[in-house]
Amino acid sequence: MELTQNLWERYGFTDNPFDTKALSINKAAPLSVQDAYVQRGNTSSASRLLMNFLRNPGGGRIVVEGEPGVGKTTFVNYHRQLWEAAKDHRLLSPLTEISVREGWGERDFLLSLLSSLSARLRLDLGEKAFEKDKVLRKISAITGVHVEKGHGFSGSISIIGTGGGFGRSSNSTVKVGEITNDQLRELLTALMARIRQRGFAGVVFHLDNLELLARRGPQKLRDFFENVRDVLQEPAAYFIFVGHEGMFQQVIAPLPRVRSIFFDTPVYLEPLSHDAVREVMEKRYRLLCAPGTQWIAPVEY
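In this text the structure is predicted, and so the values were computed from the model without any measurement.

What counts and what doesn't
- Residues numbered from 1 in each chain as written.
- Predicted model: local features only at pLDDT ≥ 70, side-chain atom pairs only at ≥ 80, totals over all residues.
- Heavy atoms only, no water.
- Buried < 20%, exposed > 50% of the residue type's maximum accessible area, 1.4 Å probe, protein only.
- Helix = DSSP H or I, 4+ residues; strand = E, 2+ residues; numbered from the N terminus.
- Pairing = 2+ DSSP bridges.
- Salt bridge = Lys/Arg side-chain N within 4 Å of Asp/Glu carboxyl O.
- Phe/Tyr/Trp six-rings, centres within 6.5 Å; stacked < 30°, edge-to-face > 60°.
- Lys NZ or Arg CZ within 6 Å of the ring centre and 35° of its normal.
- Contact = heavy atoms within 4.5 Å.
- Arc of directions from axis to C-beta.
- Core = buried A, V, L, I, M, F, W, Y, C linked by side-chain atoms within 4.5 Å.
- Axes fitted to C-alpha atoms, helices over the stretch in contact; angles between N-to-C directions.
- Parallel < 35°, antiparallel > 145°, perpendicular 65-115°, else oblique.
- Left-handed = near helix turned anticlockwise from the far one by under 90°.
- Nonpolar A, V, L, I, M, F, W, Y, C, P; charged D, E, K, R; others polar.
- Expected span 1.5 Å × (residues − 1).

Participant: It is not clear to me how the pairing of strand β9 (residues 237-244) should be interpreted in this structure. Could you clarify?
Facilitator: A regular strand carries its side chains on alternate faces of the sheet. Burial analysis of β9 places eight of its eight residues in the buried class, the great majority of the element. One ladder, built from seven bridges, connects strand β1 (residues 60-66) with β9; its direction is parallel. In the strand pairing of β9, isoleucine 62 is matched with isoleucine 240. In this sheet, β9 lies alongside strand β8 (residues 202-208) in parallel orientation, the contact comprising five bridges. Residue pairing across strands places leucine 207 opposite phenylalanine 241, the latter belonging to β9.

Participant: Teacher, can you tell me more about the pattern of salt bridges here?
Facilitator: Two side chains carrying opposite charge are able to pair once their charged atoms lie near each other. Under the criterion given, the structure shown has twelve salt bridges. When the shortest N-O distance is used, the salt bridge between arginine 122 and glutamate 127 registers 2.6 Å. A salt bridge links arginine 122 to glutamate 131; the shortest N-O distance between them is 2.9 Å. One connected set of salt bridges, linked through shared partners, spans Glu226, Arg229, Asp230 and Arg257.

Participant: Would you mind going over the environment of glutamate 84 with me for this structure?
Facilitator: Within the secondary structure, glutamate 84 is located in helix α3 (residues 72-84). Linking glutamate 84 and valine 203, residues 119 residues apart in sequence, is a C-alpha distance of 9.2 Å.

Participant: I would appreciate a short explanation of the packing of aromatic side chains in the present structure.
Facilitator: To describe a pair of aromatic rings, one takes the distance between the centres and the angle between the planes. One pass over the full model with this rule turns up 13 aromatic pairs. Taken together, a centroid distance of 6.4 Å and an interplanar angle of 20° make the contact between phenylalanine 239 and phenylalanine 241 stacked. Here phenylalanine 239 and phenylalanine 241 have matching classes, each one buried. Lying across the ring of phenylalanine 200, arginine 90 places its NZ or CZ 4.2 Å from the centre.

Participant: How should I be thinking about the environment of leucine 54 in this particular structure?
Facilitator: Here leucine 54 is to be found in helix α2 (residues 45-55). Counting along the chain gives 29 residues from leucine 54 to tryptophan 83, while the straight-line C-alpha distance between them is 8.3 Å. With sequence-adjacent residues up to four places away left out, leucine 54 is seen in contact with His79, Trp83, Leu91, Val204, Tyr238 and Ile240.

Participant: Would you mind showing me how to read helix α9 (residues 218-228) here?
Facilitator: Side chains that are three or four residues apart share a direction in an α-helix, a result of its 3.6 residues per turn. Along α9, the residues classified as buried are Leu221, Arg222, Phe224, Phe225 and Val228. One face of α9 carries all of its buried residues, which in axial projection span an arc of 160°. Looking at the buried residues of α9, the elements they touch are α4 (106-125), α8 (210-214), β9, α10 (247-252) and α11 (256-259).

Participant: What am I meant to see in the nonpolar core here?
Facilitator: Most often, soluble globular proteins have nonpolar side chains that are buried together. Phe109, Phe205, Phe225, Phe241 and Phe262 are the most contacted members of the largest nonpolar core, which totals 49 residues. Elements with a minimum of two residues in this core: α4, α6 (134-143), α7 (181-197), β8, α8, α9, β9 and α10. With seven residues, α4 is the largest single contributor of residues to this core. Every residue in contact with phenylalanine 205, bar those within four places of it in the chain, is listed here: Pro94, Ile98, Leu113, Ser116, Leu117, Met192, Ala237, Tyr238, Phe239 and Ile240.

Participant: What is the right way to read the packing of α2 against α3 from this model?
Facilitator: Relative placement of two packed helices is described by the angle separating their axes and the distance separating the axes. In contact at an axis separation of 11 Å, α2 and α3 are set at 40° when each is read in the N-to-C sense. What the angle tells us is that α2 and α3 run oblique. Where α2 crosses over α3, the handedness of that crossing is right-handed. Note on element contacts: α3 touches α2 through Phe75, His79 and Trp83, opposite Ala46, Ser47, Leu50, Met51, Leu54 and Arg55. Here the residues of the contact of α2 with α3 sort into six nonpolar, two polar and one charged.

Participant: Hey, could you run me through unusual backbone geometry in this one?
Facilitator: Only a minority of non-glycine residues have a phi that is not negative, and only a minority of peptide bonds are not trans. A positive phi is found at histidine 89, a non-glycine position, where the angle reads about 55°. Relative to the elements of secondary structure, histidine 89 occurs in the loop between α3 and β2 (91-92). Of note, the phi angle at alanine 236 is positive, near 70°, even though the residue is not glycine. Residue position: alanine 236 is located in the loop between α9 and β9.

Participant: Is there a simple way to think about helix α12 (residues 274-287) in this case?
Facilitator: A rise of 1.5 Å per residue sets the reference length of α12, with its 14 residues, at 20 Å; its end C-alpha atoms lie 20 Å apart and thus fit the reference within 8%. Among the residues of α12, Ala276, Val280, Glu282, Lys283, Arg284 and Tyr285 are the ones counted as buried.

Participant: Where do I start with the pairing of β8 in this structure?
Facilitator: In terms of burial, β8 is a largely internal element, seven of the seven residues being buried. Burial along β8 is two-sided: the residues Gly202, Val204, His206 and Asp208 and Val203, Phe205 and Leu207 are all buried. Relative to β8, β2 runs parallel, the two sharing two bridges. When the sheet's bridge partners are listed, leucine 92 is paired in β8 with valine 203. Here strand β3 (residues 98-99) pairs with β8 via two bridges, running parallel. Bridge pairing in β8 places serine 99 opposite aspartate 208.

Okay, structure coming up:
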């Protein structure tokens, strides 16, 4: 029996056209939002609401909600890459969405924001330029474990630091950052300033999978939003929270302090029409068609 993982090649494809993962903002991905996204229509209420939110200078908070599998993550990824490629008033995004975890408080949230955003800058700047920046180096030390030799850093392991340190040899020490929440917020403000110095008008933070946390009851999510409310007011930061249908009314609306800082209308994403689903599949078939194979669209009767 032949053991092989080229199942889709037998059907004339380079990859799985039925993959249910969200489309990536990475252009090199087999299915990226740049190539594989099917627009719901720029005039749709969902697109119009999200575009108006991102057009508002200075940052903000909004909820995108809908049924599971309706394409919420892909929808947000599409708009993120649009704004990053804009001619004016570009908005930077971390490489991936941030998954909110159970039990997160202000500290966990801040560490995740700092980690995801500094990782993006590390990729854009390159290692040498990144290590020359004191703020970026400090954030990297806090959100990871660094081996310090002499007066420099010689590498990192991406885990969240909790404080303390231990010796590795006579001339090197592994140190883990220990810092207060107020200092973390100062670092986020400094990092946002670095972003604006690079010509961006702000940063889009995509917070995903909140429906998983909501399974234990809306109070879990309410506690999270109450804990991070002040962080969400960081200037020039656009926070997009993706969750289940009705999340805004169940979680945000009952919290006056939280509701007062949110875009007052959530973005509700409806399921794709039959014609749109057909277009999605045909586009995927064409993109993943193996070299030398010609894709012929089926005839609709």
